[in-house]
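# Coordinates in review
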Amino acid sequence: MVQKKVSKHKLLTIAGLGWMFDALDVGLLSFLLAALKQDWGLTAQQMGWIGSINSIGMAVGAFVFGVMADRTGRKSAFIVTLLLFSVGSGLTALVSTLAALLVLRFIIGMGLGGELPVASTLVSESVESHERGRIVVLLESFWAFGWLAAALIAYFIIPSYGWRVAMLISALPAFYAIYLRWNLPDSPRFKRAETREATPSIISNITAVWSSDYRKATLMLWILWFCVVFSYYGMFLWLPSVVMLKGFSLVKSFQYVLIMTLAQLPGYFTSAWLIERYGRKFVLATYLTGTAISAYLFGASDTVAQLLIFGMLLSFFNLGAWGALYAYTPEQYPTAIRGTGAGMAASIGRIGGILGPLMVGYLVAMNSSITLIFSLFCASIMVAVVAVIWLGKETKQMDLIP
């Protein structure tokens with residue numbers, strides 16, 4: 001069968017829209033938590049569990065679909081993950097109990113967790129070395145558009161029409177996934193490897209990730225992913241709720257988070273510009289350090305101006321770092337285990353995503369200060385900076401490992 005070719009811009013758009021729908025669901029979850037607190041009278045611990053069960057699903061999905069991508073192809077894994085979280089999101093509009101919501105959030109999480117490393121691997125393998133980092137960061141920039149869409153839906157739809165209508169809107173990607181089946185080619189590197197090599201076993205792929213050639217890279221990525229995801233989901237899933245805890249109304253909370261979300265776009269675009277000039281390690285270390293400082297200052301904010309300024313800086317630096325993280329991860333492994341390696345790193349990260357929202361929920365229930373909570377996230381991010389500097393290797397404009 002002849003492999004269909006696609007331009008890098010078309011590939012970026014196709015994969016990027018899938019990425020945007022992923023972000024739409026994660027963004028809506030943060031607003032959903034704030035709305036459900038009022039609608040269902042949820043406790044802080046229950047809200048924390050909703051965020052964490054989502055990350056448990058993401059941990060499972062990242063591993064399962066990362067392995068699937070190395071066995072059946074990047075395209076098939078990408079489509080299945082899109083359908084999984086789209087249909088699950090639509091069904092969320094029908095639930096009336098916390099237990100049913102938790103089951104669906106696990107299923108949605110599997111789709112979300114699997115889609116991200118698979119999409120970044122697909123794009124990494126489909127563009128030239130000299131622009132690979134920039135293209136993958138631009139792919140990640142679609143996350144900001146998804147969050148913006150979530151913030152707009154939350155601001156205009158949830159207060160007037162309720163959260164169920166918002167969740168129905170988030171189910172629309174299912175139709176896009178059907179379109180992808182006919183319009184998205186698979187990775188050319190995967191197709192070449194598939195024709196000349198026997199399909200490796202799952203166990204051999206997992207073992208290879210920790211072989212002597214890739215052990216240092218794997219350790220670095222696992223620390224980096226755990227710390228970044230722990231802090232991201234702990235902070236951003238709780239962002240509207242934290243704003244409310246600082247004394248603002250639900251509508252004001254959604255409005256302020258919408259403004260903060262706008263800062264994600266320049267974060268991505270500056271990261272995309274810098275990553276091919278100064279390298280992956282420089283961008284990761286710089287943007288993560290900016291995230292840590294912004295997190296502490298946001299937690300200590302007590303005026304609207306401080307809240308908005310440091311919230312925007314937090315969005316700017318954190319999402320710029322995410323772009324570099326997704327560019328950097330697939331570059332650590334050869335084609336045969338790239339999906340498995342990226343998926344396992346993301347899966348370890350999702351364990352952090354389980355613990356982050358739970359920690360916030362329990363600390364809030366214990367009346368701990370927001371400053372203390374965000375200081376813990378600041379410390380976590382600095383651990384990630386140390387791991388990148390001491391264990392990471394620079395991969396700027398290097399060919400992918402065959």
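Below is a short write-up of the structure.

What counts and what doesn't
Residues numbered from 1 in each chain as written. Predicted model: local features only at pLDDT ≥ 70, side-chain atom pairs only at ≥ 80, totals over all residues. Heavy atoms only, no water. Axes fitted to C-alpha atoms, helices over the stretch in contact; angles between N-to-C directions. Helix = DSSP H or I, 4+ residues; strand = E, 2+ residues; numbered from the N terminus. Parallel < 35°, antiparallel > 145°, perpendicular 65-115°, else oblique. Left-handed = near helix turned anticlockwise from the far one by under 90°. Contact = heavy atoms within 4.5 Å. Nonpolar A, V, L, I, M, F, W, Y, C, P; charged D, E, K, R; others polar. Phe/Tyr/Trp six-rings, centres within 6.5 Å; stacked < 30°, edge-to-face > 60°. Buried < 20%, exposed > 50% of the residue type's maximum accessible area, 1.4 Å probe, protein only.

### A word on the packing of helix α10 (residues 202-209) against helix α17 (residues 335-365)
In the contact formed by α10 and α17, the axes pass within 9 Å of each other and the chain directions differ by 70°. The angle between α10 and α17 falls in the class roughly perpendicular. Like other packed secondary-structure pairs, α10 and α17 cross with a definite hand, here right-handed. On α17, the residues touching Asn205, Ile206, Ala208 and Val209 of α10 are Ala336, Ile337, Thr340, Gly341 and Met344. Within the contact of α10 with α17, the residues separate by chemical class into six nonpolar, three polar and no charged.

### Overview of the packing of aromatic side chains
Per the counting criterion, the structure on display carries 23 aromatic pairs. Ring geometry for tyrosine 155 versus phenylalanine 156: centroids 5.0 Å apart, planes at 80°, classification edge-to-face. Judged by its relative accessible area of 26%, tyrosine 155 falls in the partly exposed class. Note on phenylalanine 156: relative accessible area 52%, which makes it exposed. Aromatic ring contacts, followed pair by pair, group Trp19, Phe31, Trp143, Trp147, Trp225, Tyr232, Tyr233, Phe236, Trp322 and Tyr326 into a single cluster.

### Let's talk about the side chain of glutamine 332
In this fold, glutamine 332 is placed in the loop between α16 (304-328) and α17. Sequence-distant contacts of glutamine 332, defined by excluding residues within four places in its chain, comprise Tyr214, Ala217, Met220, Leu221, Lys393, Thr395 and Ile401.

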